[in-house]
Amino acid sequence: MKDLQTPIRPLGEHWGAVVLAAGKGTRMYSQRPKVLMELLGEPVLGYVLDSLEPLFGENITVVIGHEADLVRGACAGRSCRFVHQEQQLGTGHALQVAWESLAASGIRKLLVINGDTPLVTAQDVAAFVEYGEEADLAFLTVSLRDPGAFGRVVRSNGKVNAIIEAKDFDPETHGPTTGEINAGLYLMDMTRVGPLLDKLTDDNASGEYYITDLVAHGLDAGLRVEGVLAAVAGTAEDYDVLRMLGINSPVELVRAEARLAESRAQEALNTGVLVRWPESVRIGPHAVVEPGAEITGPCEIYGRSVIRSGARVESHCVIIDSTVDAGTSVHSFSHLQSASVGPGCSVGPYARLRPGAVLEEHSKVGNFVEVKKATLGPGAKASHLTYLGDAAIGAKVNIGAGTITCNYDGKNKHLTTIEEGSFIGSNTALVAPVTVGAHALVAAGSVITRDVPENALAVARCRQTVLPGRGTMPDDETS
Ligand code: UD1
Ligand code: CA
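No experiment lies behind these values; they were computed from the predicted model shown. (Residues numbered from 1 in each chain as written. Chains lettered and ligands numbered in written order. Predicted model: local features only at pLDDT ≥ 70, side-chain atom pairs only at ≥ 80, totals over all residues. Heavy atoms only, no water.)

K.L.:
Can you walk me through the overall build of the protein chain in this structure?
P.N.:
Counting its secondary structure elements, the protein chain contains 10 helices and 37 strands. The C-alpha radius of gyration computed for the protein chain amounts to 30 Å, which surpasses the reference 23 Å derived for 479 residues by more than 25%, pointing to a less compact arrangement than a globule. A principal-axis box enclosing the C-alpha atoms of the protein chain has dimensions of 105 × 50 × 50 Å. When each of the 479 residues of the protein chain is scored for burial, the buried share is 51%. (Helix = DSSP H or I, 4+ residues; strand = E, 2+ residues; numbered from the N terminus. Rg over C-alpha atoms; globule rule 2.2 N^0.38 Å. Buried < 20%, exposed > 50% of the residue type's maximum accessible area, 1.4 Å probe, protein only.)

K.L.:
Even after reading the chapter, I still don't get the side chain of Ser346, so can you show me in this structure?
P.N.:
Take Ser346: it is sitting in strand 24 (residues 346-347). Under the relative-accessibility criterion, Ser346 is labelled buried at 19%. Within the structure, Ser346 has its side chain in polar contact with the side chain of His331 (distance 3.3 Å). Not counting residues up to four positions away in its chain, the partners in contact with Ser346 are Ser329, His331, Ser363, Lys364 and Val365. (Polar contact = N/O pair within 3.5 Å; in protein donor to acceptor, adjacent residues only side chain to side chain. Contact = heavy atoms within 4.5 Å.)

K.L.:
I'm lost on the coordination of the calcium ion (ligand 2) in this one. Help?
P.N.:
Those donors, Asp116 (OD) and Asn248 (OD1), are the protein atoms that reach the calcium ion (ligand 2), and they lie 2.3 to 2.4 Å from it. One end of the pair, Asp116, is in the loop between strand 6 (109-114) and helix 4 (122-132); the other, Asn248, is in the loop between helix 8 (239-242) and helix 9 (250-270), with 132 residues separating them in the sequence. Side by side, Asp116 and Asn248 carry an identical accessibility label, which is buried. (Donors = N, O, S within 2.8 Å, 3.2 Å for Na, K, Ca; no water.)

K.L.:
Would you take a moment to explain the site of ligand 1 for this structure?
P.N.:
The local shell around ligand 1 holds 25 residues, among which Gln85, Gly90, Thr91, Glu165 and Asn182 are the closest. Between Gly151 and ligand 1, the recorded distance is 2.8 Å, taken from a backbone N or O atom to an oxygen atom. Surface burial for ligand 1 is 89%, taken as the share of its 760 Å² of free accessible area covered by protein chains. Elements supplying a minimum of two residues to the shell around ligand 1: helix 3 (91-104) and strand 10 (180-189). (Near = heavy atom within 4 Å. Areas by Shrake-Rupley, 256 points an atom, 1.4 Å probe, with all protein chains shown as cover.)

K.L.:
For this particular structure, what's the right way to read the pattern of salt bridges?
P.N.:
Any two side chains of opposite charge can pair, so long as their charged atoms come close to each other. A complete count under the given rule lists 18 salt bridges for this structure. In this structure, the salt-bridge partner of Arg312 is Glu314, at a minimum N-O distance of 3.5 Å. Note on Arg312: relative accessible area 37%, which makes it partly exposed. Each of Asp50, Glu53 and Arg78 takes part in a single network of salt bridges with overlapping partners. (Salt bridge = Lys/Arg side-chain N within 4 Å of Asp/Glu carboxyl O.)

K.L.:
Whenever I open this one, unusual backbone geometry confuses me. Can you help?
P.N.:
Excluding glycine, most residues fall at negative phi; most peptide bonds, likewise, are trans. Omega for the peptide link from Gly297 to Pro298 comes to 0 degrees, which places this bond in the cis form. Summarising the element assignment, Pro298 is placed in the loop between strand 15 (294-296) and strand 16 (299-302). Cis geometry is adopted by the peptide bond preceding Pro349, which originates at Gly348 and carries an omega value of 0 degrees. Along the polypeptide, Pro349 turns up in the loop between strand 24 and strand 25 (352-353). Backbone geometry places Tyr350, a non-glycine residue, at a positive phi of 60 degrees. Along the chain, Tyr350 turns up in the loop between strand 24 and strand 25. Backbone geometry places Lys396, a non-glycine residue, at a positive phi of 55 degrees. Along the chain, Lys396 turns up in the loop between strand 28 (381-393) and strand 29 (398-399).

K.L.:
I would appreciate a short explanation of the UniProt feature "binding site: Mg(2+)" (unreviewed entry) in the protein chain in the present structure.
P.N.:
In the numbering used here, UniProt assigns the feature "binding site: Mg(2+)" (unreviewed entry) to Asp116 and Asn248. A maximum C-alpha distance of 7.5 Å among these annotated residues, which run over 133 residues, shows that they cluster at one spot. Among all residues touching Asp116, those that are not within four sequence positions of it are Lys34, Val35, Val44, Leu245, Gly246, Ile247 and Asn248. A distance of 2.8 Å separates polar atoms of two side chains, one belonging to Asp116 and the other to Lys34. For Asn248, a relative accessible area of 10% gives the class buried. Setting aside its immediate chain neighbours within four residues, Asn248 contacts Arg27, Met28, Lys34, Asp116 and Phe150. A distance of 3.5 Å separates the side chain of Asn248 from the side chain of Arg27, its partner in a polar contact. (UniProt positions renumbered as here; feature names shortened; annotations may be inferred.)

K.L.:
Looking at this structure, how should I read the nonpolar core?
P.N.:
What tends to happen in soluble globular proteins is that the nonpolar side chains get buried as a cluster. Among the nonpolar cores identified, the biggest contains 49 residues, and Ile295, Ile307, Leu353 and Ile393 are the most heavily contacted of them. Among the elements that line this core, the one with the most residues is strand 27 (residues 364-376), at 5 residues. In this view, Ile307 contacts Val288, Val289, Glu290, Ala293, Ile301, Val313, Ile319 and Val324; residues no more than four positions away in its chain are not counted. (Core = buried A, V, L, I, M, F, W, Y, C linked by side-chain atoms within 4.5 Å.)

K.L.:
Explain the packing of aromatic side chains here, please?
P.N.:
One pair of aromatic rings is described through two measures. These are the centre distance and the angle between the planes. Tallied over the entire structure, the rule returns 3 aromatic pairs. With a centroid separation of 4.9 Å and 5 degrees between ring planes, the pair formed by Phe333 and Tyr350 is classed as stacked. Here Phe333, found in the loop between strand 21 (329-330) and strand 22 (335-337), pairs with Tyr350, found in the loop between strand 24 and strand 25; they are 17 residues apart in sequence, far enough to count as distant. According to the relative accessible area criterion, Tyr350 is partly exposed, its value standing at 39%. Ring pairs connect the aromatic residues Phe333, Tyr350 and Phe368, which therefore count as one cluster. When the ring centre of Phe169 is taken as origin, the NZ or CZ atom of Arg152, which lies over that ring, is 5.0 Å away. Here the guanidinium or amino end of Lys413 rests over the ring plane of Tyr408, the centre of that ring lying 5.3 Å away. (Phe/Tyr/Trp six-rings, centres within 6.5 Å; stacked < 30°, edge-to-face > 60°. Lys NZ or Arg CZ within 6 Å of the ring centre and 35° of its normal.)

K.L.:
I would appreciate a short explanation of the pairing of strand 9 (residues 159-164) in the present structure.
P.N.:
A regular strand places its side chains so that they alternate between the two faces of the sheet. Sheet topology note: the strand 8 (residues 152-156)/strand 9 ladder contains 5 bridges and is antiparallel. Bridging from a neighbouring strand, Ser156 pairs with Lys159 of strand 9. Linkage of strand 8 to strand 9, two consecutive antiparallel strands, is achieved through a turn of 2 residues, within which Asn157 is found at a positive phi near 50 degrees. (Pairing = 2+ DSSP bridges.)

Take a look at the structure:
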């Protein structure tokens, strides 16, 4: 099936997709629902929805149950619908729960996909639809050397008989084990398959309602049922095979993530990004790194980040939902989240830009500087050991080492404004709300609690006292 270059385009109103995402994912040993486990910073479910949206548009229903609110939250901004499966009684039960609303919405052709298959692409889905469209019920299969815990496809003379779950498989009844397994994608003609749903039972090794039993029921009812073989491999290392497989354990998640990372880094290299040590560079599926940018691994670039042509990201950086403009260097060990860094800036090493940090052109944030919800104007500098939170800092301001904006009074956050050209001496505490006017000078070690006018000099610290007679200090007398 993989050779087919089916175009990816909307399938039309009578096509719908349902994502089974209500399960817990016991084999993950995690508190998080499996569909929210992340690969390259994006939840598993996000990948599934990304591959469905180009084909099914708004006709996507997600079956949620375990940690339903969290799962729903992870889909914020998407147009999918939700159906709640109170008790997770199996994949067949999940489909039963969703059926009524799917049928009511006028959908006649349904794609069902397990929510734990993040590597399946829109291209894969489009090709499957093209192959399986004529059948009443079709499912996607791959051939492995060892079928492991997957549902096993049983055929006689090439014709599908059933899908038998690994726990229920008995060679005496089902014949010799082959490597062909059920990938967890199904296509259904709703009118034909609908009547079969009541036939599902939980009379099996897991005590669950299996969606896979629809295959045998469909054949019994005389339906046209087809297993579409997507890929064949000797081992699960083959990417065409791996792509189709669900993620059930940390091992499987990490393996899938590694392959995804490798292909993203390679893609960047091929388009003209200078990716040094590509094996250790991780670029999320929605991050954009422009040709002419330079990245050194290990580093992670996730979310909706944009690294523009001519920007440099050194090793050990994590960049999430942030923009780094041309001519800017992000030095090693810096962490950026929801930050915007303009052109020609310098960040780090060891800088932390938190949400709302905005660095305008040619500004600089040096080592051990944390910036949150603060703008540094053009050419402004905070080179060492500083916290700038809730602040508006003008052009060419110089912030001395150890400066702190005291933005929080225990209840509320307040703004610090430092106007252009000001110089803030080292170890200054700016107790917000406070404004330092343009071209003012604040002496080192000051605690600034009141506004400083333009061009003024503010000194807010005890005057140094120097006493003579160090040798006759009381302490010394007793010793
Ligand atoms: C399933 C298939 C198996 C196939 C494999 C492919 C069944 C019975 N077996 O097994 O043939 O080889 O996928 O990866 O379907 N879910 C619900 N509600 C539930 C139970 C599960 O929404 O009550 C969701 C889960 O969140 C998950 C998906 O369905 O995203 C698949 O469930 P999972 O338990 O992972 O099925 P497998 O055992 O992997
Ligand atoms: Ca699974």
